[in-house]
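Take a look at the letters that make up each chain.
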There are 2 protein chains.
Amino acid sequence: MKQQPKELWEKQLSREYLYRGKIVNLRRDLVRLPGREEPASREIVEHPGAVAILALDGERRVAFVRQYRHAAGRVLLEVPAGKLEAGEEPLQCARRELAEETGCRGGEWSRLTWFYSSPGFCDEKIHLFLARGVLPGELAAADDDEVLEPVWLALGEALRLLQEGTICDGKTIIALQFAASLKV
Amino acid sequence: MKQQPKELWEKQLSREYLYRGKIVNLRRDLVRLPGREEPASREIVEHPGAVAILALDGERRVAFVRQYRHAAGRVLLEVPAGKLEAGEEPLQCARRELAEETGCRGGEWSRLTWFYSSPGFCDEKIHLFLARGVLPGELAAADDDEVLEPVWLALGEALRLLQEGTICDGKTIIALQFAASLKV
């Protein structure tokens, strides 16, 4: 898997920015596919990247946030998460986001994995961290444009919500599947 | 979780399309947050939705595709997947995509789950299916703008690649975590 085989690689011919926004940019690139004459176009959403945190307190309760997601048109139950700021290290971002969204501090931190959320059209990478034994604390002032509610659920209850399909956010499913498999 | 609490809901004030493309649209909406005077803007990527398939043959080998992803700038190993066409049912789409990408037909199909890939800015839903006992067949002609390579891996080998972090596509991680937990 280390070497990229020549026969799949696409050569970029041009790059055009259609929008530069607050959170995302949108590009349309032309690429040449291996063995094809005609160029193909690729719509690419650029995203700064994000972190997500599987945080457990001393009683094996899992931290969640309930948040209205305008893209989904509904309230979702998700693990704490947030976007990387310019130059910010993923672990530093994860500690900041967990504190901002749940008030928690401390804990033993480790990195679980990272993944592309939807690599067919978007470059967003999500870095997933585990924080065990976090300590409750004061909620800091929320972001200006975010309203959310922290929720703590026993790990077993969280896994039940996962199994019954109540949880429908990709990064949260991955975090809880890790929780189930790691026996954290 | 059934009822959406009033205090999180955002009221949409306006909607403006910035781009209507081949695969994605981009909107910028203004919303009013609960308890806030100033409207907030939301950049939303519209996507038709997608399917992904955890397909196993009679020897418990898992179907993958290797594909260059321009957004990632590299070749990724992913479970077979594809976008919904207009009016297409997810199961019908999943059967079509599996046949197109691997040549497989038949098998016992069931729905595993669905999820938002990145609901902070995108409405893409991914419907994940399980297909057991699929039968190898002839590869149909590929999409005009896709070049990919089907790969079959023993389930144990696939789970090893998951554990070592070689697999870094969200939907593929979810599919393999299901495979591990379901003992398929």
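Residues numbered from 1 in each chain as written. Chains lettered and ligands numbered in written order. Predicted model: local features only at pLDDT ≥ 70, side-chain atom pairs only at ≥ 80, totals over all residues. Heavy atoms only, no water.

### Details of the nonpolar core
Okay, step 1: Ranked by size, the top nonpolar core spans 54 residues in total, and within it Leu 54 and Phe 64 of chain A together with Leu 54 and Phe 64 of chain B carry the most contacts.
Okay, step 2: If we ignore the near neighbours within four places in the chain, the residues touching Phe 64 of chain B are Leu 77, Glu 78, Val 79, Pro 80, Glu 149, Pro 150, Val 151, Leu 153, Ala 158, Ile 167, Thr 172 and Leu 176 of chain B. (Core = buried A, V, L, I, M, F, W, Y, C linked by side-chain atoms within 4.5 Å. Buried < 20%, exposed > 50% of the residue type's maximum accessible area, 1.4 Å probe, protein only. Contact = heavy atoms within 4.5 Å.)

### A short note on the domain arrangement of chain A
Residues and elements named next belong to chain A.
Okay, step 1: The domains assigned to chain A are domain 1 (6-46) and domain 2 (50-182).
Okay, step 2: Of note, the centres of domain 1 and domain 2, computed from C-alpha atoms alone, are 31 Å apart.
Okay, step 3: If you look at the interface, domain 1 gives six residues, while domain 2 gives five residues.
Okay, step 4: For the pair domain 1 and domain 2, the two sides together bury roughly 430 Å², of which 54% comes from carbon and sulfur.
Okay, step 5: Applying the counting criterion to the domain 1 and domain 2 interface returns zero salt bridges.
Okay, step 6: Scanning the region where domain 1 abuts domain 2 turns up two residue pairs in polar contact (both at pLDDT 80 or more).
Okay, step 7: Here the side of domain 1 that touches domain 2 is built from residues that sort into three nonpolar, no polar and three charged. (Domains from an automatic or database assignment. Buried area = accessible area lost by both parts, 1.4 Å probe. Salt bridge = Lys/Arg side-chain N within 4 Å of Asp/Glu carboxyl O. Polar contact = N/O pair within 3.5 Å; in protein donor to acceptor, adjacent residues only side chain to side chain. Nonpolar A, V, L, I, M, F, W, Y, C, P; charged D, E, K, R; others polar.)

### A short note on the packing of aromatic side chains
Okay, step 1: For the structure shown, the criterion picks out six aromatic pairs over all chains.
Okay, step 2: Positioned above the aromatic ring of Tyr 17 of chain B, the side-chain terminus of Arg 20 of chain B is 3.8 Å from the ring centre. (Phe/Tyr/Trp six-rings, centres within 6.5 Å; stacked < 30°, edge-to-face > 60°. Lys NZ or Arg CZ within 6 Å of the ring centre and 35° of its normal.)

### Things to note about the environment of Ala 55 of chain A
Residues and elements named next belong to chain A.
Okay, step 1: Looking at where Ala 55 falls in the secondary structure, it is placed in strand β4 (residues 50-57).
Okay, step 2: A relative accessible area of 0% means that Ala 55 is categorised as buried.
Okay, step 3: The spatial distance from the C-alpha of Ala 55 to the C-alpha of Ala 175 is 9.6 Å, given a sequence separation of 120 residues.
Okay, step 4: If sequence neighbours within four positions are ignored, Ala 55 has contacts with Arg 61, Val 62, Ala 63, Leu 98, Ala 131, Val 134 and Trp 152. (Helix = DSSP H or I, 4+ residues; strand = E, 2+ residues; numbered from the N terminus.)

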